[in-house]
Amino acid sequence: MQRRDFIKLFAGTAAAATFAPRVNAQGVPKEIRIGYQKTGVLVIARQRAALEKHFGPQGIGVKWVEFSSGPPMMEAMNVGSVDYGAVGDSPPVFAQAAGAAIVYAAGQPITSGQGILVPKESPIRSIADLKGKRIGFTKGSSAHNLVVQTLEQAGLSYADITPVYLTPPDAGPAFANGSIDAWAIWDPYFAIGETRQNGRILIDAREVTKTNSFYIANRDFAKNHGPILQQIVDVTTATGQWAEQHRDEVARSLAAITGVPLDIQTVAADRANFVIGPVTDDVVATQQGVADRFYKLGLIPKPVVVRDIVWRSTAS
């Protein structure tokens, strides 16, 4: 990646927002801003109004902001227009390398629901067959990391494929019309590709690597409102625990909020993991491997130390 492209990815428009949350006389924010995508625990929390029920009695409102992928959410969080959100493993690595004002607040293992699709009739039958092919994925996303690690597993290099950087809404049509040979993606788009766009799973991410998704917070929000952030994490964690036991309701919640058909969200919900936990040493080590790999490939301009931006709650 060219340095100018990397900087552009996370430059953002500082004029859009600066971190200056409106607070009451006690210094408590009047509103928390939550970034979410079309799947996951935060969508469920929104549908169940879990955060609104928790913070309403404290006089704190909740604003929900939808993103198509993690990189633009990290950009928004960096400039302070989002306080908390969920992303895959790669976006915070790119963001940290760009000096973004973020911290890791919690982690969540990814056990399924992500992979590489090819058309059902495609001659591509193995990872090795990806050599020379056009693979679509979102730059700086968890799918980016999946592609890199998948190629490594087969002894291929990043230079052996033609990356086609597309957001999920753009990649779906490109996959359906044959403009790309393969598509690295996550649910619910992964399920859409399977069920609606004639896709065949070439690689399930769990066959390639252990990976995590993360709950990220704006650094200043975490510093200035640690107790509030801890409450957000607690509510998110409790929602995840509920979701593990109520997958049918989860699918309906996801469909209602996102507009993605119920049958697709049912596929996504049935194979998802909703368990949220702290960013442990093991999680940090796995994430550091992602960061080191990206630096080695020249995808980020400098090495990063993941542990440096792990938030530690002071709550007893």
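Every value quoted in this text rests on a predicted model; they were computed, and no experiment measured them.

Caption draft 1: Just the overall build of the chain, in detail. Each helix and strand counted, the chain has 13 helices and ten strands in total. Over its C-alpha atoms the chain spans a radius of gyration of 19 Å, differing by no more than 12% from the 20 Å that the globule rule assigns to 316 residues. By principal-axis analysis of the C-alpha atoms, the chain measures approximately 65 × 45 × 35 Å. Across the 316 residues in the chain, those meeting the buried criterion constitute 57%.

Caption draft 2: Representation of the pattern of salt bridges in the model. Applying the stated criterion across every chain yields a total of ten salt bridges. Residue D263 is joined to R196 by a salt bridge in which the shortest nitrogen-to-oxygen separation is 3.0 Å. Here D263, found in helix α12 (residues 262–271), pairs with R196, found in helix α8 (residues 189–196); they are 67 residues apart in sequence, far enough to count as distant. Judged by relative accessible area, which is 40%, D263 ranks as partly exposed. Linked by salt bridges that have partners in common, D187, E194 and R271 make up one network.

Caption draft 3: Spotlight on the sheet that holds strand β5 (residues 114–119). The strand order across the open sheet formed by five strands is β7-β6-β8-β5-β9, and the pairing between neighbours is mixed. The open sheet has two edge strands, β7 (162–165) and β9 (199–204), and neither has a second partner. Averaged over all pairs of adjacent strands, the angle between strand axes in this sheet comes to 30°, irrespective of strand direction. Across two bridges, strand β6 (residues 134–137) lies against strand β8 (residues 182–186) in parallel orientation. If you follow I135 over to β8, its bridge partner there is A182.

Caption draft 4: Structural context of empty space enclosed by the protein. Across all of its chains, the model carries one cavity of 30 Å³ or more by this definition. Computed from the structure, the largest cavity encloses a volume of approximately 530 Å³. Looking at the largest cavity, it is lined by 31 residues, and the ones nearest its centre are T39, G40, I110, D187 and S213. If you list the elements that add at least two residues to the lining of the largest cavity, you get α2 (41–47), β3 (84–87), β4 (102–110), β10 (211–218) and α12. In terms of residue count, β4 provides more of the lining of the largest cavity than any other element does, three residues in total. Taken together, the residues of the lining of the largest cavity sort by class into 15 nonpolar, 15 polar and one charged.

Caption draft 5: Representation of the packing of helix α10 (residues 226–245) against helix α11 (residues 247–258). It is the contact of α10 with α11, at a shortest axis distance of 6 Å, that shows an interaxial angle of 115°. Of α11, the residues touching α10 (which contributes W242, A243, E244 and Q245) are R247, E249 and V250. For the contact of α10 with α11, the class distribution of residues is three nonpolar, one polar and three charged.

Caption draft 6: Just the pairing of β3, in detail. For strand β1 (residues 31–36) and β3, the ladder comprises two bridges, and the chain directions are parallel. From the neighbouring strand, I34 faces β3, where its bridge partner is Y84. Bridge count for β3 against β10 is four bridges, and the pairing is antiparallel. By the bridge assignment for β10, V87 is matched with F214.

Caption draft 7: Fine view of the confidence of the model for the chain. When pLDDT is averaged along the chain, the result is 90, and 92% of the positions lie at 70 or above. A low-confidence stretch, residues 11–21 stays under pLDDT 50, and its non-local contacts, those more than four residues away or across chains, total 19 contacts.

Caption draft 8: Local environment of the packing of aromatic side chains. Inspection of the entire model under this criterion finds seven aromatic pairs. With a centroid separation of 5.5 Å and 80° between ring planes, the pair formed by F137 and Y165 is classed as edge-to-face. Of this pair, F137 sits in strand β6 while Y165 sits in strand β7, and the two are 28 residues apart along the sequence. Overall, F137 belongs to the buried group, its relative accessible area being 0%. Looking at Y165, the relative accessible area reads 32%, which means it is partly exposed. Seen from the ring of W242, R48 lies directly overhead, with NZ or CZ sitting 3.8 Å from the centre.

Definitions and limits used
- Sequence order as written defines the numbering, with residues in each chain counted from 1.
- Selection of residues for local features in this predicted model requires a pLDDT of at least 70, selection of side-chain atom pairs for listing and counting requires 80 or more, and totals for whole chains, interfaces and linings are taken over all residues.
- Side-chain metrics rest on all non-hydrogen atoms present in the structure, leaving aside hydrogens and water.
- A run of H or I in DSSP counts as a helix once it spans at least four residues, and a run of E counts as a strand once it spans at least two, with each numbered from the N terminus.
- For a compact globule the rule gives 2.2 Å times the number of residues to the power 0.38, and the radius of gyration it is set against comes from C-alpha atoms.
- Exposure classes here rest on a 1.4 Å probe applied to the protein chains alone. A residue is buried below 20% of its type maximum, exposed above 50%, and partly exposed in between.
- Whenever Lys or Arg places a side-chain nitrogen within 4 Å of a carboxyl oxygen from Asp or Glu, that contact is recorded as a salt bridge.
- At least two bridges found by DSSP between two strands are what make those strands a pair.
- To obtain an axis, a line is fitted to C-alpha atoms, over the contacting stretch when the element is a helix, and the angle between two such axes runs from 0 to 180 degrees between their N-to-C directions.
- Cavity means a closed set of points on a 1 Å grid over the protein atoms alone, one where a 1.4 Å probe fits but cannot get out, pocket means an open set with protein on both sides within 12 Å along at least 5 of 7 lines, and lining means a residue has an atom within 4 Å of a point.
- Grid points are joined across faces, edges and corners, and a volume is the space filled by probe spheres set on the points.
- When residues are sorted by character, Ala, Val, Leu, Ile, Met, Phe, Trp, Tyr, Cys and Pro go into the nonpolar class, Asp, Glu, Lys and Arg into the charged class, and all the rest, Gly among them, into the polar class.
- By definition, residues are in contact when any of their heavy atoms lie within 4.5 Å.
- Per residue, pLDDT measures the predictor's confidence, with a range of 0 to 100.
- Centres within 6.5 Å make a pair out of two Phe, Tyr or Trp rings, where for Trp the six-membered ring is used; the pair is then stacked when the planes are under 30 degrees apart, edge-to-face when over 60, and tilted otherwise.
- Placement of a charge over a ring requires the Lys NZ or Arg CZ to be within 6 Å of the ring centre, with the centre-to-atom vector within 35 degrees of the ring normal.

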